[in-house]
Amino acid sequence: MADHIDTRCDLMLFGALGDLAQRKLFPALYQLERANLLAEGSRILAIARTEADTPEVRNRLLEKLQQQIKASEFDESVAQAFLARVEYKQLDFTDPGGFSELNDWRNSAHNQLIVYMATPPAMYGVIARNLRSADCCIEKTRVVVEKPIGHDLESSRVINDELGEVYHESQLFRIDHYLGKETVQNLIALRFANNLFASQWDQNHISHVEITVAESVGIEGRWGYFDKAGQIRDMIQNHLLQLLCLIAMDPPSDLSADSIRDEKVKILKALRRITPDMMEQYVVRGQYVAGTSNGRPVPGYLEEEGANKGSGTETFVALKVEIDNWRWSGVPFYIRTGKRLPEKLSQIIIHFKPAPHYIFDPDQKHLANNKLIIRLQPDEGMALKILTKDQGLDKGMRLRQGPLELTFSETFDTDRIPDAYERLLWEVMKGNQYLFVRRDEVEHAWRWVDQVIQNWQDSNEPPKRYAAGTWGPVASIAMITRDGRSWYEDA
Ligand SMILES: NC(=O)C1=CN([C@@H]2O[C@H](COP(=O)(O)OP(=O)(O)OC[C@H]3O[C@@H](n4cnc5c(N)ncnc54)[C@H](OP(=O)(O)O)[C@@H]3O)[C@@H](O)[C@H]2O)C=CC1
Ligand SMILES: O=C1O[C@H](COP(=O)(O)O)[C@@H](O)[C@H](O)[C@H]1O
């Protein structure tokens, strides 16, 4: 399908020497080169504040690529072809004077211009305005901006207004990299290409839903950023609410960006507000203390490099979320995410209701709910837990639960699942917005998250402690146990 789309581009990468660009964006662009998806004539202008010239930056990039790309995927000739596209420009983004030189680079070709702002969000408006002052191809530009857009509704509006003064919404590609993950996209295929599930996807058939996004890593040198954000702004406001929307939304009428986004927005608007009196039962906030990770002792959040000892920022959040609409009335979504949990694991569990009349061994009644397990990472795939009769003459009609298993790498013999940023960059090059977040989605998500944060601030309660290497504060287990349920553990 891409064959007839011209994907040739000039990519201006602002913040090219930062962590995101070096760890995610350049490796993703290298992989696009390796897959022959970077069109002939496409060019990259790496822009940052550091004084350096193009050969120095190319050498630095080569070193980073060698460190980050698996040996089996690293090809020196591909890397050289890729680096030949890269030029470096030192620029202070706050200095409008320097932007006219970007235009000179730009004017030497007629490719689609992509401006990628891998910079602190406070820079988005500044860069946009300076590009406009330099008359840098505003109408034809696609602009990619990173999350988080602001730190609350108000600040996100300011950023969105600043971007909106220069660019039309159809030019803006707001990244939520979870939308670029293979299995996240597969949620759309699973739900809307399989009538089997489509007809069962509501409060008549589903009792509850779990979403877990667990990380084993701690703060990894990002304390300065993370401490101002916390897990609710860093993960819930964007990734987890996006996952929830994809699970809960009504079928879009087609796969166009706005059809999908319209449905997601309806869910965000239907999220039940969590009022102060609900906080104890619906929200758990945690912070890790020293413990172990992969068998090794690790420091607590307050002992991490650069930490402010008195910080009350949360590194774990569990929420019980209710959606006030016809489809999901009475179906709680239990969601949790945290740093320094026992493993890196993102999964969604759909718990189906039992059959209306149970005729088997009463002792086995607890088995009688089908579960659909959607593994986002690692080991991408799905398993449907179904009940069958236990084998053997002596077993009578004893039941047992087993999986219908679909592990993508085995079933489809996939040698490599592309990283989210590869897919997202490729979609920007093609001009498809369906994996990017629209302004109203960002704002509705902030509105909902802001009230939870406000309740925390008003109550002044510190986060509950949990030891690194455990599944979060015990209160997060109590939250779901109170409803007669438990977080899913693969048995
Ligand atoms: N790092 C990550 O894993 C993730 C990051 N993000 C988001 O991506 C964005 C970038 O994050 P990250 O890469 O971590 O940030 P860094 O601080 O590591 O990098 C920022 C980059 O912007 C440049 N920069 C900042 N201010 C100026 C200025 N005034 N003039 C010129 N250059 C400037 C820096 O240049 P120089 O290096 O020369 O100083 C650097 O290249 C942020 O919005 C972040 O929230 C989102 C998801 C994950
Ligand atoms: O956006 C972010 O995501 C990462 C987790 O992403 P994953 O693809 O590794 O699951 C998280 O570590 C980081 O704090 C956050 O900013």
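Residues numbered from 1 in each chain as written. Chains lettered and ligands numbered in written order. Predicted model: local features only at pLDDT ≥ 70, side-chain atom pairs only at ≥ 80, totals over all residues. Heavy atoms only, no water.

The protein is annotated in an unreviewed UniProt entry as Glucose-6-phosphate 1-dehydrogenase of Marinobacter salinisoli. For the protein, the Sequence similarities (unreviewed entry) comment in UniProt is given as "Belongs to the glucose-6-phosphate dehydrogenase family." (UniProt positions renumbered as here; feature names shortened; annotations may be inferred.)

A.B. asks: Help me understand the overall build of the protein, please; the structure alone is not making it clear to me.
C.D. replies: Check the secondary structure of the protein and you find 15 helices and 17 strands. Relative to the globule expectation of 23 Å for 491 residues, the C-alpha radius of gyration of the protein, 24 Å, shows essentially globular dimensions. Taken over the C-alpha atoms alone, the protein extends approximately 80 × 50 × 45 Å along its principal axes. Buried positions account for 56% of the 491 residues belonging to the protein. Counting contacts in the protein only where the partners sit at least 6 residues apart, residues at least 24 apart contribute 78% of the total. Summed over all atoms, the accessible surface of the protein reaches about 22200 Å², with 50% contributed by carbon and sulfur. Treating the 59 positive side-chain charges of the protein as one cloud and the 71 negative ones as another, the clouds have centres 4 Å apart. (Helix = DSSP H or I, 4+ residues; strand = E, 2+ residues; numbered from the N terminus. Rg over C-alpha atoms; globule rule 2.2 N^0.38 Å. Buried < 20%, exposed > 50% of the residue type's maximum accessible area, 1.4 Å probe, protein only. Contact = heavy atoms within 4.5 Å. Areas by Shrake-Rupley, 256 points an atom, 1.4 Å probe, with all protein chains shown as cover. Lys, Arg positive; Asp, Glu negative; His and termini not counted. Charge placed at Lys NZ, Arg CZ, Asp CG, Glu CD.)

A.B. asks: It is not clear to me how the sheet that holds strand β12 (residues 333-338) should be interpreted in this structure. Could you clarify?
C.D. replies: Think of a sheet as strands paired side by side through backbone hydrogen bonds, with each pair either parallel or antiparallel. With respect to topology, nine strands assemble into an open sheet ordered β16-β15-β14-β13-β7-β12-β11-β8-β17, the strand pairing being mixed. Taken across any chain shown, the strands that pair with only one partner, and hence form the sheet edges, are β16 (399-407) and β17 (464-467). Pairwise comparison of adjacent strand axes, ignoring direction, gives a mean angle of 20° for this sheet. Where strand β7 (residues 206-214) lies against strand β13 (residues 345-352), eight bridges are found, and the strand directions are antiparallel. When the sheet's bridge partners are listed, Ala-214 is paired in β13 with Leu-345. Contacts from helix α15 (residues 474-481) reach β8 (283-289), β11 (316-321), β12 and β17 within the one sheet, and its direction differs from that of β11 by about 10°. (Pairing = 2+ DSSP bridges. Axes fitted to C-alpha atoms, helices over the stretch in contact; angles between N-to-C directions.)

A.B. asks: Help me out: how do you make sense of the site of ligand 1 in this one?
C.D. replies: In the vicinity of ligand 1, 23 residues are found, and the nearest of them are Asp-19, Leu-20, Arg-23, Thr-50 and Thr-119. Measuring from an oxygen atom of ligand 1, one finds a side-chain N or O atom of Thr-50 at 2.5 Å. Residue Lys-147 places a main-chain N or O atom 3.2 Å away from an oxygen atom belonging to ligand 1. Here ligand 1, which alone exposes 890 Å², has 81% of that area covered by the protein. Those elements that place two or more of their residues in the shell around ligand 1 are α1 (19-34) and α5 (122-133). The greatest single-element share of the shell around ligand 1, amounting to three residues, is contributed by α1. (Near = heavy atom within 4 Å. Polar contact = N/O pair within 3.5 Å; in protein donor to acceptor, adjacent residues only side chain to side chain.)

A.B. asks: What am I meant to see in the UniProt feature "binding site: NADP(+)" (unreviewed entry) in the protein here?
C.D. replies: Sequence positions flagged by UniProt for "binding site: NADP(+)" (unreviewed entry) are, in local numbering, Arg-49, Asp-92, Phe-93 and Lys-147. Mapping Arg-49 onto the fold places it in the loop between β2 (43-48) and α2 (54-68). The contacts of Arg-49, once residues within four sequence positions are left out, are Tyr-88, Gln-90 and Leu-91. Considering the arrangement of structural elements, one finds Lys-147 in the loop between β5 (142-145) and α6 (153-166). If near-sequence neighbours (up to four positions away) are discounted, Lys-147 is found in contact with Ile-175, Tyr-225, Asp-234, Asn-238 and His-239.

A.B. asks: Where do I start with the environment of Asn-369 in this structure?
C.D. replies: Relative to the elements of secondary structure, Asn-369 occurs in the loop between β13 and β14 (371-377). For the pair formed by Asn-369 and Gln-401, sequence separation is 32 residues and the distance between their alpha carbons is 9.3 Å. Not counting residues within four places of it along the chain, the set of residues in contact with Asn-369 comprises Phe-352, Pro-354 and Gln-401. Side-chain polar atoms of Asn-369 contact the backbone oxygen of Phe-352, separated by 3.4 Å.

A.B. asks: Looking at this structure, I do not really get the packing of α1 against helix α3 (residues 76-83). What am I missing?
C.D. replies: The description of two helices packed together rests on the angle between their axes and the distance between the axes. In the contact formed by α1 and α3, the axes pass within 9 Å of each other and the chain directions differ by 110°. By the angle class used here, α1 and α3 are roughly perpendicular. Two packed elements cross with a definite hand, and for α1 against α3 that hand is right-handed. Taken together, the residues of α3 that come into contact with α1 (itself represented by Phe-26, Leu-29, Tyr-30, Glu-33 and Arg-34) are Val-78, Ala-79, Ala-81 and Phe-82. Residues that form the contact of α1 with α3 fall into these classes: seven nonpolar, no polar and two charged. (Parallel < 35°, antiparallel > 145°, perpendicular 65-115°, else oblique. Left-handed = near helix turned anticlockwise from the far one by under 90°. Nonpolar A, V, L, I, M, F, W, Y, C, P; charged D, E, K, R; others polar.)

A.B. asks: Any chance you could explain the packing of α6 against helix α14 (residues 439-459) here in plain terms?
C.D. replies: The geometry of α6 relative to α14 is characterised by a closest axis approach of 9 Å and an angle of 165° between their N-to-C directions. It follows from the interaxial angle that α6 and α14 lie roughly antiparallel. Every pair of crossing elements has a handedness; the one defined by α6 and α14 is right-handed. Taking contact as the criterion, the partners of Leu-153, Ser-156, Arg-157, Asn-160 and Asp-161 in α6 are, on α14, Arg-439, Val-442, Glu-443, Trp-446, Arg-447 and Asp-450. Grouping the constituent residues of the contact of α6 with α14 by class yields three nonpolar, two polar and six charged.

A.B. asks: Please explain the nonpolar core as it appears in this structure.
C.D. replies: Ranked by size, the top nonpolar core spans 131 residues in total, and within it Met-12, Phe-14, Leu-131 and Phe-333 carry the most contacts. A per-element tally of this core places helix α9 (residues 223-248) first, with 11 residues. When residues of this core are assigned to domains, at least three map to each of domain 1 (2-146) and domain 2 (179-415 + 438-490). Beyond its immediate chain neighbours, meaning those up to four positions away, Phe-333 contacts Val-209, Leu-244, Ile-247, Ala-248, Leu-319, Lys-320, Val-321, Ile-323 and Trp-328. Grouped together as the second largest cluster of nonpolar side chains are 20 residues, Phe-226, Tyr-301, Leu-341 and Trp-487 included. (Core = buried A, V, L, I, M, F, W, Y, C linked by side-chain atoms within 4.5 Å. Domains from an automatic or database assignment.)

A.B. asks: What exactly am I supposed to notice about the sheet that holds strand β3 (residues 86-90) here?
C.D. replies: On the basis of which strands lie adjacent, the open sheet formed by six strands has the order β3-β2-β1-β4-β5-β6 and parallel pairing. A single partner strand is all that each edge strand has here, and the edge strands are β3 and β6 (172-174). Neighbour-to-neighbour, the strand axes of the sheet open up by a mean angle of 20°, direction not taken into account. When strand β1 (residues 9-14) meets β2, the two strands line up parallel, connected through five bridges. Each bridged residue has a counterpart across the sheet, and for Leu-13 the counterpart in β2 is Ala-46.

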